[in-house]
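# Analysis of the macromolecular model
Take a look at the letters that make up each chain.
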Amino acid sequence: QVQLVESGGGLVQAGGSLRLSCTASGFTVSAYSVGWFRQAPGKEFEFVAVIRWSGLMDYADSVKDRFTISRDNAKNTVYLQMNSLKSEDTAVYYCAVTLEDDYTHSDKYSYWGQGTQVTVSS
């Protein structure tokens, strides 16, 4: 049974940092593409970052140079290190799994975690 569990969200001041974790079970993260998405109130899902099975990483322009995605194969966990946080980063963050090459669209992902809230105060 595939399961994804996010953790690490919370309240942080603008300019601060958080590290989100996405711990997987039922599959091996290194064999799939694992992406992070976020959804702010009243807005659609937004692609944030992905780490592909090959190790290739990609980011949304809005988070490039501030966020870093990484993977610990031994822990079967994907991380999202978020630095220099801004108020506009406030959202529920989700990790998800896909085998598709079109990794920026949420409808290409098959399994999702429950989400973790990130709130950035200005």
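Refer to the preceding data block for the structure.
Here is a short report on the structure shown in this document. (Residues numbered from 1 in each chain as written. Predicted model: local features only at pLDDT ≥ 70, side-chain atom pairs only at ≥ 80, totals over all residues. Heavy atoms only, no water.)

Attention now goes to the pattern of salt bridges. Scanning the entire structure with this criterion turns up five salt bridges. Put simply, Arg38 and Asp89 hold a salt bridge, and the shortest N to O gap is 2.9 Å. A residue pair is termed long-range when its members are at least 10 positions apart, and Arg38 in strand S4 (residues 33-39) and Asp89 in the loop between strand S8 (77-82) and strand S9 (91-98) qualify at 51 residues. This pair shows no difference in class: Arg38 is buried, exactly as Asp89 is. Overlapping salt bridges, with partners in common, bring together Arg38, Glu46, Arg66 and Asp89 in one network. (Salt bridge = Lys/Arg side-chain N within 4 Å of Asp/Glu carboxyl O. Helix = DSSP H or I, 4+ residues; strand = E, 2+ residues; numbered from the N terminus. Buried < 20%, exposed > 50% of the residue type's maximum accessible area, 1.4 Å probe, protein only.)

Looking at where Asn76 falls in the secondary structure, it is placed in the loop between strand S7 (67-72) and S8. Among all residues touching Asn76, those that are not within four sequence positions of it are Cys22, Thr23, Ala24, Ser25, Phe27, Thr28 and Val29. (Contact = heavy atoms within 4.5 Å.)

Looking now at the state of the cysteines. Where two cysteines share a covalent bond between their sulfur atoms, that bond is called a disulfide. For the structure shown, the criterion picks out one disulfide. A disulfide bridge connects Cys22 with Cys95, and the sulfur atoms are separated by 2.1 Å. Between Cys22 and Cys95 the sulfur-sulfur dihedral comes to about 75°; the bridge is accordingly right-handed. You can see Cys22 sitting in strand S3 (residues 18-25) and its partner Cys95 sitting in strand S9, a full 73 residues away along the chain. Cys95 carries the same exposure label as Cys22, and that label is buried. (Disulfide = S-S within 2.5 Å.)

By themselves, these are just geometric observations and shouldn't be taken as functional.
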